[in-house]
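Read off the chains here:
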Amino acid sequence: MPVQLLRPDRLFGGAPYAYASIAQPGAVVYTAGACPLDENGATVGVGDVEAQARQAMANLVETLGHAGSALTDVLKTTIYVASSDRSDLVTAWDAIRTAFGEHDAPSTLLGVAVLGYPDQLVEIEAIALMGSSRPSG
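Below or above, wherever it landed, is the structure these notes cover. If you're wondering where the values come from, they're calculated on a predicted model, not measured in any experiment.

## As for the packing of helix H1 (residues 49-66) against helix H2 (residues 86-100)
Packing of H1 against H2 leaves a shortest axis separation of 8 Å and a crossing angle of 35°. Where H1 crosses over H2, the handedness of that crossing is right-handed. Between H1 and H2, the contacting residues are Val-49, Glu-50, Ala-53, Arg-54, Met-57 and Leu-60 on the first element and Asp-88, Thr-91, Ala-92, Ala-95, Ile-96, Ala-99 and Phe-100 on the second. Along the lines of polarity and charge, the residues of the contact of H1 with H2 split into nine nonpolar, one polar and three charged.

Now the structure itself:
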């Protein structure tokens, strides 16, 4: 197994993510923030945190695949939500965790004041182990 997720028994067991991950030696993929932009550069789901989280995840999957990786190769994510409302953070978190399924790598979820593109509410950075696929260019 290339990525081992750690959940120490002495830490809170109800957290829906691993506390740490270990990867075997190999190439590491560091992604830029995956944004909720479509192939034309338009922001998807203006005003809709869940729709933007889903689009950002689709873009992350595409980026990882291009690097020869998949969501199951992710070691850690950082998720930014342009909101001070915790329900918006939970909405983004739920959409992102659904995309990851059983692979609940360590994550940091942050509420921030603003993100880089107009109407952008969600951005996702990931660090992944390069999978067994070869990069597509």
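Following the structure, the description resumes.
## With respect to H1
The terminal C-alpha atoms of H1 lie 26 Å apart, and with 18 residues this matches the ideal 26 Å at 1.5 Å per residue to within 8%. Val-49, Ala-51, Gln-52, Ala-53, Gln-55, Ala-56, Met-57, Leu-60 and Leu-64 are the residues of H1 that are buried. With a side-chain oxygen positioned 3.1 Å from the backbone nitrogen of Glu-50, the residue opening H1 is Asp-48. Directly beyond the C-terminal end of H1, a positive phi value near 85° is found at Gly-68.

## Things to note about the pattern of salt bridges
Note that side chains of opposite charge can pair when their charged atoms are close. The final tally for this structure, using the stated rule, is one salt bridge. Linking Arg-54 and Glu-50 is a salt bridge whose minimum nitrogen-to-oxygen distance equals 3.2 Å. Placement of both Arg-54 and Glu-50 in helix H1 is noted, with a separation of four residues, approximately one turn of the helix. On the basis of relative accessible area, Arg-54 is assigned to the partly exposed category, the value being 45%.

## Here's the deal with the nonpolar core
Leu-60, Val-74, Val-122 and Ile-124 are the most contacted members of the largest nonpolar core, which totals 32 residues. For this core, the secondary structure elements donating two or more residues are strand S1 (3-6), H1, strand S4 (74-81), H2 and strand S6 (122-129). If we skip the residues at most four places from it in the chain, Leu-60 touches Thr-31, Ala-34, Leu-71, Phe-100, Ile-124 and Ala-126.

## A look at the environment of Ala-82
Mapping Ala-82 onto the fold places it in the loop between S4 and H2. Overall, Ala-82 belongs to the buried group, its relative accessible area being 17%. Along the backbone, Ala-82 and Val-46 are 36 residues apart, and their C-alpha atoms lie at a distance of 12 Å. Residues contacting Ala-82, with those up to four places away along its chain left out, are Val-112, Ala-113, Val-114, Leu-115, Gln-120 and Leu-121.

Scoring rules and cut-offs
- Every chain is numbered independently, its residues counted from 1 as its sequence is written.
- Totals for whole chains, interfaces and linings use every residue, but because this is a predicted model, local features are given only for residues with pLDDT of at least 70 and side-chain atom pairs only at 80 or more, for both listing and counting.
- Where side-chain values are given, they derive from all heavy atoms of the structure, hydrogens and water being excluded.
- To get an axis, a line is fitted to the C-alpha atoms, and for a helix only the part in contact is used. The angle between two axes follows their N-to-C directions and goes from 0 to 180 degrees.
- A helix here means a DSSP run of H or I that spans at least four residues, while a strand means a run of E at least two residues long, and both kinds are numbered starting from the N terminus.
- Handedness of a crossing is defined here by the sense of rotation of the near helix relative to the far one, left-handed for an anticlockwise turn of less than a right angle and right-handed for a clockwise turn.
- Residues are treated as being in contact if the distance between any of their heavy atoms lies within 4.5 Å.
- Under the convention adopted here, Pro, Cys and the residues Ala, Val, Leu, Ile, Met, Phe, Trp and Tyr are nonpolar, Asp, Glu, Lys and Arg are charged, and Gly plus all remaining residues are polar.
- Residue count minus one, scaled by 1.5 Å, sets the expected span of a helix.
- Exposure classes here rest on a 1.4 Å probe applied to the protein chains alone. A residue is buried below 20% of its type maximum, exposed above 50%, and partly exposed in between.
- Polar contact criterion, stated in full: a pair of N or O atoms within 3.5 Å, where within protein one must be able to donate a hydrogen and the other to accept it, and residues adjacent in sequence count only if both atoms are side-chain atoms.
- For this document, the term salt bridge refers to a Lys or Arg side-chain nitrogen within 4 Å of an Asp or Glu carboxyl oxygen.
- In plain words, nonpolar cores are sets of buried Ala, Val, Leu, Ile, Met, Phe, Trp, Tyr and Cys residues tied together by side-chain atoms within 4.5 Å.

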